[in-house]
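Here is what each chain is made of, one letter per residue.
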Amino acid sequence: LFCGSREARNQSVLAMTMPNRKRQRNYELIEPLVERLLTCHGEELAEKDNALRLNHLVHFTDDPNLAETLANHGKVKQLTELCWRTVGAEMLTAHHEAISLLVNLLVPQGTRSSIFHGFVLMVQQEESCRTLLSHEDMPVVAHHLVKAIGKCGNVEERDVLQACNLVAAAMENEKDRMDFCEAIIQAEGVSFLYHFFENWPDQFGTAALIRTLDRFLSSPVDERMWNAQAESRREFASDWLKLLTRELLQPDGALCARALGNTLQLREGTFFQVLMQGKLFDHLITNLVVGSKQGKDRICAAMFTTRQLLGRSDVLKRLASHPRFEPLVSLAISNLQLATEEEDDLLQVLTFFLQNDTTKRAVVSGSNPMQIIDAISHLLDSPSQHVQELSLELLTQILHYIEPGVLSGASEAMTRLLPRLCGLDQATDLMRRLLSSLQWWPQYVQLVPLHFKRRWLADQLHSQAQQPTPVHLQVQKDDLLGSLCNKLKDCPDNLRWGIDVSFTDDEDDEDMEEEDVSTKDRKEFFRLAANEFMYADLELFKSKDGGRSFHLSPNATEKDHVEQLELCGKLIGLALLHGEPVPSMKLSKPLRRMLLGAPLRPLEDMASVDPAFYDSKVAYILEGRYEEEGEEGSKELSALNLTFVDDAGEGEKVELCLGGADRYVNEENKMQYLDLLCHHRLMDSVRDQVEAVLNGLHTLVPADVQTQLQRVFTATELGLCLCGEGTIDVSEWKGKSEQKTSPEIWDTFWRAVEAMSNEQRQGLLEFTTGAFTVQGDVEGLILAPTDGLLPEVVPGADGSPTLKLPGYGSVEQMRQALLRSCSGSDAELATNLWK
């Protein structure tokens, strides 16, 4: 019958559909069919007919009684092993029939647990799992699973054990999870999760239970599965939350916290309703905090759970009043650096706390803000743009709520933070606001790159304009100052939005685009205008240091001079506004200090402006050279008959103080005399000229911006903004310099210079030589030792300046000392070095 012709096979198929009275005959055929399958397996003919023979058995065992008979057969074990091998061989038709036969054997009690176990091994392989889930009998498998886990009918404990094992194995593969859950739902598993929880075998462990149920309650199957649990929903929610709360303190606490967070993401409110009743919420928060002090995974999982709790206002209020809330905030802050693109809950939670009035206070109290700023200074180095954006959002919030004075205690963090913020395009607005607060701390302001300060200044000046419309200037190259005076003499307020320039006598730009012409003409305008103002015959400025810098001339007293100086101030303001360099405008450092409104350093400034006068007069008195002129080397200062009068050498004498002509200089008051003398030469003698330049500058830079300008820019930075930045070649500078100190100090100095930015090198160059480079050329130094604590510059009247250096323990100490000498006060530098 089973090895004969096709006609005979078709007759056998018809026999399966006969009425019940003929089932007895088919029952009697099971024995020879099983024997034939087992004995012929492996033969070529048998392999071809395997599918048909299995099909016969499937139809026979569709009858539960016949399935029971087959389950009690002495060779059923060999038959099931044949089926599993057939499934593994993936003979498309044969393995389909083999699965159907195995599913029928789930009915008899004797074979149920072993078949479940076989399915466990099958679903652990991804392709085999997909085969089972797509099989037409998968609903039957799900039906038996629901019955076994719910202990319905003749179910034994071994059946429950293997059924639970199969469910756990099937839920491991995320790709097939949805299809498996759909099969459970279609099998009317309305209390499936509750029964699974209640009947989970102890020998499998709590961790495996939590892991499996978490997969049912996580995306993408969570909402679909939970909505199908029409019965025992509240009982399951209560037992499940209690289990997770208890297990938070166990070694698998991270797994529990993560499962808890996934559970609380469900939109249906049963879990939150259960959680907020009684003491369960309080216990959960306590265990969440206590159990999260052991490793990164626990902390990140705890923050994930906390984030899910924040979606409801009633939960937030109760959380804020919990005794463990402040430790929870401290836990988040102290581990903020653990945040990654995948684990961003630490950043999200703290940002949410700052945005809510009930939780904000705990975040901004004590040293928390400084810890947050420190962590963010590290997080901004993350390659993840997502982490950077969340970090900036948190930083924006924390800076909004803290007092600016708090920043004074976060120097190390700010040192890392500020350069990073200036380099991020998305942090530009934040940095602009932050700079307004930082200007009170020079140690922070000097960390802000010059390019950012320029942008900040342009924004400040633009904000003062009435309308964003530049002033259009038409000027003549051959009469630049004349036409410029006429155009800018009575300029409107919207000059603060800038200028557009065109030359009336330029015919070379006809083939260029209009925008390119405007940019080209503006650059050319600033260059030519600066050259005109610095022209020697105009006598507005004068250089006494060989052309390295120019100070205001005391002879520029005529009305035309004053108007031209005021116009020069407007040009300086426009150059700052447009960021256009005016290289020829090499203003002296004290003049730049006056433009900023910063105090002068009379002796130091005089050394850079007029080295010859400083050497012959100031250094002569400071160093006591007059003592060498006595007959026995003991001539006193009083013998010089100096009074508090400045004789400029042109017959005009000016008292430096009230009654100065009658007050003689002696050892006790010589420092006061020198200070007044230098101040008069630098400031008092050109006060009207300074006022004229400032009047022009204030046309574009109002008083409030001027005040901020003084705190944000140094005199060196203002000079770099005006003249541009030339790149300093350290090796060239070193080659032009002379060594008169120890090899150790010489080497440490140049290594410290190499560690500086180009802006810092420019500041050092000006500090030592009185000028910074525009074209890249530098003047050499003479390095010499000193017994003092501070770097000291001795101007060279006829040669290179001498930089006297003490010994430092490291290159970084040398670098910091040089930078403070360039920008900070001597008292501050000495204090820091002593510490």
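Residues numbered from 1 in each chain as written. Predicted model: local features only at pLDDT ≥ 70, side-chain atom pairs only at ≥ 80, totals over all residues. Heavy atoms only, no water.

Colleague: Can you walk me through the overall build of the protein chain in this structure?
Modeller: Along its length, the protein chain carries 45 helices and ten strands. The buried share of the protein chain, reckoned over its 835 residues, is 51%. The contacts in the protein chain between residues at least 6 apart in sequence include a share of 69% that link residues at least 24 apart. Carbon and sulfur atoms make up 46% of the accessible area of the protein chain, which totals about 38,300 Å². (Helix = DSSP H or I, 4+ residues; strand = E, 2+ residues; numbered from the N terminus. Buried < 20%, exposed > 50% of the residue type's maximum accessible area, 1.4 Å probe, protein only. Contact = heavy atoms within 4.5 Å. Areas by Shrake-Rupley, 256 points an atom, 1.4 Å probe, with all protein chains shown as cover.)

Colleague: So what exactly am I meant to see when it comes to the pairing of strand β8 (residues 782-785) here?
Modeller: Regular strands place their side chains on alternate faces of the sheet. Sheet topology places strand β7 (residues 738-739) next to β8; two bridges connect them, and they run parallel. Note on β8: the bridge partner recorded for Q739 is L783. Where β8 meets strand β10 (residues 802-805), four bridges bridge the pair, whose relative direction is parallel. When the sheet's bridge partners are listed, P785 is paired in β10 with L805. (Pairing = 2+ DSSP bridges.)

Colleague: Looking at this structure, I do not really get the state of the cysteines. What am I missing?
Modeller: Structurally, a disulfide amounts to a covalent bond that connects the sulfur atoms of two cysteines. Across all of its chains, the model carries zero disulfides by this definition. Left unpaired, C723 is separated from the closest cysteine sulfur, that of C721, by 10.0 Å. Of the residues examined, C723 reaches a relative accessible area of 2% and is grouped as buried. (Disulfide = S-S within 2.5 Å.)

Colleague: Just checking my understanding: could you explain the confidence of the model for the protein chain for this structure?
Modeller: Low pLDDT means the predicted coordinates in that region are not meant to be read closely. For the protein chain, per-residue confidence averages 84 on the pLDDT scale, and 87% of positions sit at 70 or higher. Here residues 1-23 scores under 50 on pLDDT; set against residues more than four positions off or in separate chains, the count is 20 contacts. When the criterion is pLDDT under 50, residues 825-835 qualifies, and its contacts beyond four places in sequence or with other chains add up to 13 contacts. (pLDDT = per-residue confidence, 0-100.)

Colleague: I tried to follow the packing of helix α10 (residues 138-149) against helix α12 (residues 177-186) on my own but got confused; where do I start?
Modeller: Two measures define how a pair of helices packs: the angle their axes make with one another and the distance between the axes. At their nearest, the axes of α10 and α12 sit 8 Å apart, and the two run at 65° to each other. Here α12 runs roughly perpendicular to α10, going by the angle between their axes. Pair α10 / α12 crosses with right-handed handedness. Contact with α10, carried on its side by M138, A142, L145 and V146, involves F180, A183 and I184 of α12 and no other residues of that element. Residues of the contact of α10 with α12, tallied by class, amount to seven nonpolar, no polar and no charged. (Axes fitted to C-alpha atoms, helices over the stretch in contact; angles between N-to-C directions. Parallel < 35°, antiparallel > 145°, perpendicular 65-115°, else oblique. Left-handed = near helix turned anticlockwise from the far one by under 90°. Nonpolar A, V, L, I, M, F, W, Y, C, P; charged D, E, K, R; others polar.)

Colleague: Teacher, can you tell me more about helix α30 (residues 450-462) here?
Modeller: Residues three or four positions apart in an α-helix share a direction because the helix packs 3.6 residues into each turn. Taking 1.5 Å per residue, 13 residues should reach 18 Å; α30 reaches 18 Å between its end C-alpha atoms and fits that length. Within the sequence span of α30, burial applies to L450, F452, K453, W456, L457, A458, Q460 and L461. (Expected span 1.5 Å × (residues − 1).)

Colleague: When you look at the sheet that holds strand β9 (residues 792-794) in this model, what are you seeing that I'm missing?
Modeller: Sheets are built from strands that pair by backbone hydrogen bonding, the pairs being arranged parallel or antiparallel. Judged by pairing direction, the sheet is mixed, and its four strands sit side by side in the order β7-β8-β10-β9 without closing on themselves. Of all the strands in the sheet, the pair left with one neighbour each is β7 and β9. Bridging between β9 and β10 involves three bridges; their strand directions are antiparallel. If you follow E792 over to β10, its bridge partner there is K804.

Colleague: Explain the environment of S616 here, please?
Modeller: Residue position: S616 is located in helix α36 (residues 611-622). Separated by 3.4 Å, the side chain of S616 and the backbone oxygen of F613 make a polar contact. (Polar contact = N/O pair within 3.5 Å; in protein donor to acceptor, adjacent residues only side chain to side chain.)

Colleague: What exactly am I supposed to notice about unusual backbone geometry here?
Modeller: Trans is the common state for peptide bonds, and a negative phi is the common state for residues other than glycine. A cis geometry characterises the amide bond from S219 onward to P220, with omega recorded as 15°. Mapped onto the secondary structure, P220 falls in the loop between α14 (206-216) and α15 (222-227). In this structure, K151 is a non-glycine residue whose phi angle is positive, near 55°. Here K151 shows up in the loop between α10 and α11 (157-170). Note on K151: relative accessible area 38%, which makes it partly exposed. The residue N641 is not glycine, and still its phi comes out positive at about 60°. Considering the arrangement of structural elements, one finds N641 in the loop between α36 and β5 (645-647).

Colleague: Looking at this structure, I do not really get the pairing of strand β1 (residues 471-475). What am I missing?
Modeller: Only one face of β1 is buried: it carries V471, L473 and V475, and the other face, with H472 and Q474, is open. The pairing of β1 with strand β2 (residues 499-503) spans five bridges and is classified as parallel. When the bridges of β2 are listed, L473 appears paired with V501.

Colleague: What is the right way to look at the side chain of E247 in this model?
Modeller: Secondary-structure assignment places E247 in helix α16 (residues 233-247). R246 provides the closest opposite charge to the buried, unpaired E247, separated from it by 4.0 Å. For E247, the residues in contact, after removing those within four places along its chain, are T206, I210, D252, G253 and C256. (Lys, Arg positive; Asp, Glu negative; His and termini not counted. Salt bridge = Lys/Arg side-chain N within 4 Å of Asp/Glu carboxyl O.)

Colleague: How should the environment of I333 be read in this particular structure?
Modeller: Secondary-structure assignment places I333 in helix α22 (residues 325-334). Under the relative-accessibility criterion, I333 is labelled buried at 3%. Separated by 35 residues in the primary sequence, I333 and N368 have C-alpha atoms spaced 7.0 Å apart. In this structure, I333 is in contact with L350, V363, N368, Q371 and I372, ignoring residues within four places of it in sequence.

Colleague: What should I look at first to understand the side chain of H144 in this one?
Modeller: The residue H144 is located in helix α10 in this model. Taking the relative accessible area as the measure of exposure, H144 reaches 11% and is therefore buried. In this view, H144 contacts V103, L106, V107 and F116; residues no more than four positions away in its chain are not counted.

Colleague: So what exactly am I meant to see when it comes to the packing of aromatic side chains here?
Modeller: Pairs of aromatic rings are described using the distance from one ring centre to the other and the angle between the two planes. The tally for this structure, following the rule as stated, stands at 19 aromatic pairs. Centre to centre, the rings of F197 and F236 are 6.1 Å apart; their planes meet at 85°, and the pair counts as edge-to-face. With a gap of 39 residues between them, F197 in helix α13 (residues 192-198) and F236 in helix α16 connect regions that are remote in the sequence. In this pair, the class of F197 matches that of F236, namely buried. Taken together through their ring pairs, the aromatic side chains of F192, F196, W200, F204 and F216 make up a single cluster. Directly above the ring of F644 sits R663, whose terminal nitrogen or CZ lies 4.3 Å from the centroid. Over the face of the ring belonging to F613 we find R681, whose NZ or CZ atom lies 4.1 Å from the ring centre. (Phe/Tyr/Trp six-rings, centres within 6.5 Å; stacked < 30°, edge-to-face > 60°. Lys NZ or Arg CZ within 6 Å of the ring centre and 35° of its normal.)

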